[in-house]
Amino acid sequence: MDDITSLKKFSPTADDIKVFTKIPESSVETLDKADKLMWYMVNTPYFTQRLNIIEVTVSIPDDIDDIKKMVDNILEVCRVLLNSNSFLRFLEKILTIGNMMNAAIKKTSPGFKLSSTLPKLATIKSQDKSVSLLDFIVEQAVLLDGECLKFVNELEIVHSASNSSSIVALSAEVDIMKQDMNKLSGRANDISQKCPADNHVRKELELFVDDVRSFVKFFQQNVFLLNEQSAQMKTDYSKVLERFGESPNTDSEEFMKMLSEFQTSLVESIKRCPHPLPSCVEHLKPKPKPTSPSLNKPKMVHMDLASSLKNSSLFKRNTQNELKIPT
């Protein structure tokens, strides 16, 4: 690609064409390297058009692979959010504990937005700052329903998805790629229709045009499938936003970043849990370090955390129209 960019930078001007078309082929070997290159560029039929075609054909395979990886990552995150029963059970625990915390002020909620609630769980602390609300929820989950943490492993893909372009940008990239494929076909047809009478040149150009058409035929199918995946990505993401009470205009980059940060915080809370972990997340438990017996006692999280956080603004009445988590 760098070579193509350089060649385009030094493409012949009108003055170059005027000068170098007058130099006979028999004199080419007497030219220095730069002039010899310019002579070949000037005397290669449809040089600029062919170079533009080659530039597109070089970039398309990598572009397809890159976009497909990002689309696949977002699709997988949507699949987890839409189908994971364990994720819903964990959300139920968040809602239950949040309503317990707000019971004293008679503020309960039927649901909450992920984007406004999940980021707060790791930042709300007990009075001594030693335990976060997320730590407490994780401990209760481990004690009462350990398998509800199974989604933590499935949601690891969100870290890759958070590095993807937005769904709007990815969809635009796919549309541009479809246009590029159509342009390739059009440019190849133009060259074919304007082939000079010279048999040698005509044969060379026809071979080039055949190669371009074969390329387009092969990669058009890839672009078609990518377009189908892109449409599915937009549909699934819209379902996620609707299911969890988010605004339909929620930016996918911000949403994936929020989920990525939550997943990281959740893993850290699981690692700090003093109780034996369920098998689904047992691999997250840090290996114990040799310590003296007096330091080997697990630090317990007490139930008074809820009362110490009773004034939290985490759950408000204005969520009446938001998600109701199914039981």
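All of these numbers come straight from a predicted model, not from anything done at the bench.

A. Layout of the overall build of the protein. For the protein, the count of helices and strands is 13 helices and zero strands. Start at the N end of the protein and walk to the C end: the helices and strands fall as α-α-α-α-α-α-α-α-α-α-α-α-α. By residue count, 41% of the 327 residues in the protein fall in the buried class. A sequence separation of at least 24 residues applies to 81% of the contacts in the protein between residues at least 6 apart. When the accessible surface of the protein is totalled, it reaches about 18,600 Å², and 52% of it is carbon and sulfur.

B. Representation of the packing of helix α10 (residues 167–193) against helix α11 (residues 199–243). Relative to each other, α10 and α11 sit at 160°, their axes nearing to 9 Å. Compared by their axis directions, α10 and α11 come out roughly antiparallel. In terms of crossing hand, the pair formed by α10 and α11 is left-handed. Taken together, the residues of the contact of α10 with α11 sort by class into 19 nonpolar, eight polar and four charged.

C. Region of the structure containing the pattern of salt bridges. Per the counting criterion, the structure on display carries 10 salt bridges. Taking the shortest distance from any N to any O, the salt bridge between D145 and R89 comes out at 2.9 Å. Here the residue D145 occupies a position in helix α7 (residues 133–145), and R89 occupies one in helix α5 (residues 85–101), the gap between them amounting to 56 residues. When its relative accessible area of 23% is taken as the criterion, R89 is described as partly exposed. Of the charged contacts in the structure, one is a salt bridge between K178 and D175, with a shortest N-O distance of 3.8 Å. Of this pair, K178 and D175 both sit in helix α10, three residues apart, which is roughly one turn of the helix.

D. Highlighting the packing of helix α4 (residues 47–83) against helix α12 (residues 252–272). Interhelical geometry of α4 versus α12 gives an angle of 65° and a closest axis separation of 12 Å. Read as a crossing pair, α4 and α12 show a hand that is left-handed. Side by side, α4 and α12 meet where I74, V77 and L81 of the first sit next to F255, M256 and L259 of the second.

E. Molecular detail of unusual backbone geometry. One non-glycine residue with positive phi stands out, namely Y46, at about 55°. Among the structural elements, Y46 can be located in the loop between α3 (33–43) and α4. Exposure remark for Y46: the relative accessible area of 22% places this residue in the partly exposed category. Phi is positive for K129, close to 65°, though the residue is something other than glycine.

F. Focus on the side chain of R50. Considering the arrangement of structural elements, one finds R50 in helix α4. Setting aside its immediate chain neighbours within four residues, R50 contacts T44, P45, I191, E204, L205 and F208.

G. Inspection of the environment of D35 at higher detail. Assignment of secondary structure puts D35 in helix α3. Sequence-wise, D35 and F20 are 15 residues apart; in three dimensions their C-alpha atoms are separated by 8.6 Å.

H. How the structure looks around the nonpolar core. Counting residues in each nonpolar core, the largest one holds 77 residues, and the members touching the most others are F90 and L149. Mapped onto this core, the elements with two or more residues apiece are α4, α5, α7, α8 (151–154), α9 (158–161), α10, α11 and α12. Among the elements that line this core, the one with the most residues is α11, at 14 residues. In contact with L149, not counting residues within four places along its chain, are F90, A141, V142, I270, C280 and V281. Counting residues in each nonpolar core, the second largest holds 10 residues, with I4, W39, V42 and F47 among its members.

I. The arrangement of α7 in detail. Taking 1.5 Å per residue, 13 residues should reach 18 Å; α7 reaches 17 Å between its end C-alpha atoms and fits that length. The buried fraction of α7 is high, at 11 of 13 residues. Listing the buried residues of α7 in full gives L133, L134, D135, F136, I137, V138, E139, Q140, A141, V142 and D145.

J. Examining a negative patch on the surface more closely. Taken together, the side chains of D62, D63, D65, D66 and E173 define an acidic patch exposed on the protein surface. Top element by residues in the negative patch is α4. It accounts for four residues. Relative to the helices and strands, D62 is located in helix α4.

K. Representation of the side chain of S132 within the structure. Locating S132 in the fold gives a position in the loop between α6 (114–117) and α7. Here S132 falls in the buried class, since its relative accessible area comes to 1%. There is a polar contact of 3.0 Å between the side chain of S132 and the backbone nitrogen of D135.

L. Spotlight on α3. Those residues of α3 lying buried are M38, W39, M41 and V42. Down the axis of α3, the buried set is contained in an arc of 165°. They therefore lie on one face.

Reading the values: the criteria
Residues numbered from 1 in each chain as written. Predicted model: local features only at pLDDT ≥ 70, side-chain atom pairs only at ≥ 80, totals over all residues. Heavy atoms only, no water. Helix = DSSP H or I, 4+ residues; strand = E, 2+ residues; numbered from the N terminus. Buried < 20%, exposed > 50% of the residue type's maximum accessible area, 1.4 Å probe, protein only. Contact = heavy atoms within 4.5 Å. Areas by Shrake-Rupley, 256 points an atom, 1.4 Å probe, with all protein chains shown as cover. Axes fitted to C-alpha atoms, helices over the stretch in contact; angles between N-to-C directions. Parallel < 35°, antiparallel > 145°, perpendicular 65-115°, else oblique. Left-handed = near helix turned anticlockwise from the far one by under 90°. Nonpolar A, V, L, I, M, F, W, Y, C, P; charged D, E, K, R; others polar. Salt bridge = Lys/Arg side-chain N within 4 Å of Asp/Glu carboxyl O. Core = buried A, V, L, I, M, F, W, Y, C linked by side-chain atoms within 4.5 Å. Expected span 1.5 Å × (residues − 1). Patch = residues over 30% accessible without salt bridge, like charges linked within 9 Å, V, L, I, M, F, W, Y side chains within 5 Å. Lys, Arg positive; Asp, Glu negative; His and termini not counted. Charge placed at Lys NZ, Arg CZ, Asp CG, Glu CD. Polar contact = N/O pair within 3.5 Å; in protein donor to acceptor, adjacent residues only side chain to side chain. Arc of directions from axis to C-beta.

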